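Letter by letter, the chains look like this.
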Amino acid sequence: MIKKLLLGAMVSTLSAGAVAQTDKSVSFEPDTNRIKSHLFFLADDLLEGRDTGSRGHDIASLYIATEFSKYGLKPMGTDGYMQSVEFRKAMLEQESPSFTLSTDSGDVSLAYPKDYLTGPSLLNTASQVSGELVFAGYGIIADELEHNDYQDLDVEGKIVVVLSGKPKSFPSEMGAHLASGSQKAQYAVDNGAIGMISVTTPTAEKVRPYQSRLSYIHTPRMAWLNENNEPANSFPQLKGSAFLSEGAARKLFDNAPLSLDEIYAQLEDDKAPEGFALSGSVSMSKKSKHSQITSPNVVAALEGSDPELKDEYVVFSAHSDHIGFAKTVKKDNVNNGAMDNASGTSVMLETARLFSQMKQKPKRSILFVAVTGEEKGLLGADYFAHNPTVPVEKMVADVNLDMPILTYEFADVIAFGASHSDMKASVEKAASNAGIELSPDPWPEQALFTRSDHYAFVKQGVPSVFLVPGLKSKDPEVDGSKVFGEFLSTHYHKPSDDTNQKFNWDAARTFAEVNAQIGYTLATQEQKPKWNKDDFFGETFAKDRK
């Protein structure tokens, strides 16, 4: 699970109208032995950490498809239950990066990776760019917030220098979207830039110190390939990029209208620094190696019972991949991903079985999607959202299951993103049917709503929530917040996220029951979910939905 350290949306006014006509509640009886067997298989060493494109993940996908078939669900992939996704994988040749700053005082070369970082190019095996420099603040354009870092700047054919992050005053989730790397690249391209240099800030250093980034320099980049065999979501106009340490960044601001320290002082006061031309120019080059891999999404549907509403789909999503082998000399080098996300996938499978056994099926159809490539950047979900096997406008909601911590009996659930649509009322009602409360996002500053597979559906205008067990425990001796924190610090993305953890199968049963209740509520309520009026995500992504 990429992201992930936590996020959310402040609870807003909710509409109960969407669930007012829901059929009377039904009961679900999840089988904990089934959940356990799914989880123990998917997290076994034999699957070698289920890395995207690996044999282990292929086995996991076949297992999921076989379970869907066992339940009598309709295959909804492009080849039976499978939807194969072609990916390009790029690796940086570590000896190749070059960065030269040229000024009136002469040339200065920065050392990779001591002074700056750069990643492999998905577009070219050899990349080179040279250009004059323009500082463009945070590099963000947000009309909704009356913010435009490119106003009155000429960056045509030049390399933009932008601060990492966003202004403190930006709303957390909206700001996470506006300040994402892909959005900043889009703003730069829209204004004619040919390269982009990002500069660390004091805030960035507190959250993720430059030194800690060095552990990831050998990490590949991946993108799914479109029908023209081109990497999706790429920017050919940007010929080069780099991320500078504070010390290296200072060299760019020598003889500038403002020093880097003066800019940092403005950030401390939450002022948006105005842009200006920097003296000198930069030349960057690097080499990358490309390869191609294939990995499947697994898709199945339970057909609804209503002659008209069965053409609408409530979607359950969960990622089936993890991160493969750990780079360690220890004997245990398999990142099993038991919680991340064998647990979520197992609960989704049990939810699918529960629906398949219902005598009276819900009115709307229910689509189950086990996606690949989440750990590589939400790639499988993004591919499915752009290449759906049902019309995207017929997907009325997505409920995403990612890394539920199933080690204590929880008394509440958290639905990240619920406050953006009237799904909040639906989820609250469904949770109460399972004897569980709905709690607000405890980590709004982390913007988790933008950091898991559901966000690919959000960007196609689909109201979505990211559901996890809450922090309230039924056992007064257990502090859910402490348990969650201990998992993140001890097991997250490590070989110890395996089946030796102390699972609480009653918690697994409850989580499956809550998910079934949510799916049933959404699939039977009279009105399909709607974005809240004037919600940023609804306004940005759902304007053209019918």
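Since this is a predicted model, take the numbers as computed values, not measurements. (Residues numbered from 1 in each chain as written. Predicted model: local features only at pLDDT ≥ 70, side-chain atom pairs only at ≥ 80, totals over all residues. Heavy atoms only, no water.)

Engineer: Would you explain the overall build of the protein chain in this entry?
Structural biologist: Across its full length, the protein chain carries 15 helices and 19 strands. For 546 residues, the compact-globule estimate of 2.2 N^0.38 gives 24 Å, and the protein chain sits close to it at 24 Å. The dimensions of the protein chain, computed from C-alpha atoms along their principal axes, are 80 × 50 × 50 Å. A burial count over the protein chain gives 56% of its 546 residues as buried. Contacts spanning at least 24 positions in sequence make up 85% of the contacts within the protein chain whose residues lie at least 6 apart. Carbon and sulfur atoms make up 47% of the accessible area of the protein chain, which amounts to about 22700 Å² in all. One way to put it: in the protein chain the 54 positive side-chain charges average out to a point 4 Å from where the 73 negative ones average out. (Helix = DSSP H or I, 4+ residues; strand = E, 2+ residues; numbered from the N terminus. Rg over C-alpha atoms; globule rule 2.2 N^0.38 Å. Buried < 20%, exposed > 50% of the residue type's maximum accessible area, 1.4 Å probe, protein only. Contact = heavy atoms within 4.5 Å. Areas by Shrake-Rupley, 256 points an atom, 1.4 Å probe, with all protein chains shown as cover. Lys, Arg positive; Asp, Glu negative; His and termini not counted. Charge placed at Lys NZ, Arg CZ, Asp CG, Glu CD.)

Engineer: Help me understand unusual backbone geometry in this model?
Structural biologist: Phi is mostly negative for residues that are not glycine, and the peptide bonds are mostly trans. Of note, the bond from tyrosine 112 into proline 113 is cis; its omega dihedral lies within 30 degrees of zero at 0°. Structurally, proline 113 can be placed in the loop between β4 (106–110) and β5 (116–117). Phi is positive for aspartate 152, close to 65°, though the residue is something other than glycine. Relative to the helices and strands, aspartate 152 is located in the loop between β8 (147–148) and β9 (159–163).

Engineer: For this particular structure, what's the right way to read the pattern of salt bridges?
Structural biologist: Where side chains of opposite charge bring their charged atoms close, a pairing between them can arise. Applying the stated criterion to the full structure yields eleven salt bridges. Lysine 70 serves as the salt-bridge partner of glutamate 67, at 2.8 Å between the closest nitrogen and oxygen. With glutamate 67 and lysine 70 both in helix α2 (residues 55–70) and three residues apart, the pair spans about one turn of that helix. Judged by its relative accessible area of 6%, glutamate 67 falls in the buried class. Here aspartate 261 ties to arginine 250 by a salt bridge, and the two come within 3.0 Å at their closest N and O atoms. Note that aspartate 261 is positioned in helix α8 (residues 260–268) and arginine 250 in helix α7 (residues 246–252), a separation of eleven residues in sequence. Aspartate 261 gets classed as partly exposed once you look at its relative accessible area, which sits at 45%. One network of salt bridges, with partners in common, ties together Glu132, Asp154 and Lys158. (Salt bridge = Lys/Arg side-chain N within 4 Å of Asp/Glu carboxyl O.)

Engineer: Hey, could you run me through the nonpolar core in this one?
Structural biologist: Taken as a class, soluble globular proteins show a tendency for nonpolar side chains to be buried jointly. Ranked by size, the top nonpolar core spans 79 residues in total, and within it Phe68, Phe355, Phe368, Val399 and Leu467 carry the most contacts. Top element by residues in this core is helix α14 (residues 505–524). It accounts for eleven residues. In this structure, phenylalanine 368 is in contact with Phe68, Leu73, Val298, Val299, Ala300, Leu302, Phe316, Met348, Thr351, Ala352 and Phe355, ignoring residues within four places of it in sequence. By size, the runner-up hydrophobic cluster in this structure holds 63 residues, among which are Ala142, Val161, Met196 and Leu244. (Core = buried A, V, L, I, M, F, W, Y, C linked by side-chain atoms within 4.5 Å.)

Engineer: What am I meant to see in the side chain of aspartate 412 here?
Structural biologist: By the element assignment, aspartate 412 lies in strand β17 (residues 412–416). Of the side chains with opposite charge, lysine 472 lies nearest to the buried aspartate 412, which makes no salt bridge, at 4.9 Å. A polar atom in the side chain of aspartate 412 sits 3.3 Å from the backbone nitrogen of leucine 471. Only 3.0 Å separates the side chain of aspartate 412 from the backbone nitrogen of lysine 472, close enough to count as a polar contact. If near-sequence neighbours (up to four positions away) are discounted, aspartate 412 is found in contact with Ile436, Glu437, Ser439, Pro469, Gly470, Leu471 and Lys472. (Polar contact = N/O pair within 3.5 Å; in protein donor to acceptor, adjacent residues only side chain to side chain.)

Engineer: Would you explain a negative patch on the surface in this entry?
Structural biologist: On the surface, a cluster of negative charge is contributed by Asp44, Asp45, Glu48 and Asp332. Here aspartate 45 shows up in the loop between α1 (32–42) and α2. (Patch = residues over 30% accessible without salt bridge, like charges linked within 9 Å, V, L, I, M, F, W, Y side chains within 5 Å.)

Engineer: I'm lost on the packing of α2 against helix α9 (residues 338–356) in this one. Help?
Structural biologist: For any two helices packed against each other, the geometry is given by the interaxial angle and the distance between the axes. Where α2 meets α9, the axes come as close as 10 Å, and the angle between the chain directions of the two elements is 15°. On the basis of the axis angle, α2 is roughly parallel to α9. Relative to α9, α2 is oriented so that their crossing is right-handed. Contact residues: Tyr63, Ile64, Glu67 and Phe68 in α2; Thr345, Met348, Leu349 and Ala352 in α9. Looking at the contact of α2 with α9, its residues break down into six nonpolar, one polar and one charged. (Axes fitted to C-alpha atoms, helices over the stretch in contact; angles between N-to-C directions. Parallel < 35°, antiparallel > 145°, perpendicular 65-115°, else oblique. Left-handed = near helix turned anticlockwise from the far one by under 90°. Nonpolar A, V, L, I, M, F, W, Y, C, P; charged D, E, K, R; others polar.)

Engineer: So what exactly am I meant to see when it comes to the packing of aromatic side chains here?
Structural biologist: Both the distance between ring centres and the angle between the ring planes are used here to describe each pair of aromatic rings. Evaluated as defined, the whole model comprises 25 aromatic pairs. Relative to phenylalanine 276, the ring of phenylalanine 135 has its centre 5.2 Å away and its plane inclined at 45°; by these criteria the two rings are tilted. One end of the pair, phenylalanine 135, is in strand β6 (residues 126–135); the other, phenylalanine 276, is in strand β13 (residues 276–302), and 141 residues separate them in sequence. By relative accessible area, which is 11% here, phenylalanine 276 ends up buried. Three or more aromatic residues joined by ring pairs form one cluster here, namely Phe449, Tyr455, Phe536, Phe537 and Phe541. In this structure, lysine 36 packs its charged tip against the face of phenylalanine 40, placed 5.6 Å from the ring centre. Of note, arginine 213 hangs over the ring of phenylalanine 243, and the distance from its end group to the ring centre comes to 4.2 Å. (Phe/Tyr/Trp six-rings, centres within 6.5 Å; stacked < 30°, edge-to-face > 60°. Lys NZ or Arg CZ within 6 Å of the ring centre and 35° of its normal.)

Engineer: Just checking my understanding: could you explain the pairing of strand β10 (residues 195–199) for this structure?
Structural biologist: As a general feature of sheets, a regular strand has side chains that alternate between the two faces. Taking burial as the measure, the five residues of β10 include five buried ones, the bulk of the element. Residues Gly195, Ile197 and Val199 line one face of β10 and the alternating positions Met196 and Ser198 line the opposite face, and both faces are buried. Two strands pair when backbone bridges link them, and β9 and β10 are joined in this way by five bridges, in the parallel orientation. Residue pairing across strands places leucine 163 opposite valine 199, the latter belonging to β10. In this structure, β10 lies alongside strand β12 (residues 240–244), joined through five bridges in parallel fashion. Bridging from a neighbouring strand, methionine 196 pairs with serine 241 of β12. (Pairing = 2+ DSSP bridges.)

Engineer: How do you make sense of α9 when you look at a structure like this?
Structural biologist: One turn of the α-helix equals 3.6 residues, which is why residues spaced by three or four share an orientation. Over its 19 residues, α9 runs 25 Å from end to end, which matches the ideal 27 Å to within 8%, given 1.5 Å per residue. Burial runs high along α9: 19 of the 19 residues are buried. (Expected span 1.5 Å × (residues − 1).)

Engineer: Just checking my understanding: could you explain the environment of alanine 136 for this structure?
Structural biologist: Mapped onto the secondary structure, alanine 136 falls in the loop between β6 and β7 (141–142). Spatially, the C-alpha atoms of alanine 136 and glycine 275 are 4.5 Å apart, while their sequence positions differ by 139 residues. Excluding anything up to four places from it in sequence, alanine 136 contacts Asp149, Tyr150, Leu153, Val161, Val162 and Gly275.

Engineer: What exactly am I supposed to notice about the environment of alanine 342 here?
Structural biologist: The topology assignment puts alanine 342 in helix α9. Note: C-alpha distance between alanine 342 and phenylalanine 41 (301 residues apart in sequence) is 8.7 Å. Those residues in contact with alanine 342 that sit more than four places away from it in its chain are Leu39, Leu42, Ala43, Arg50 and Gly337.

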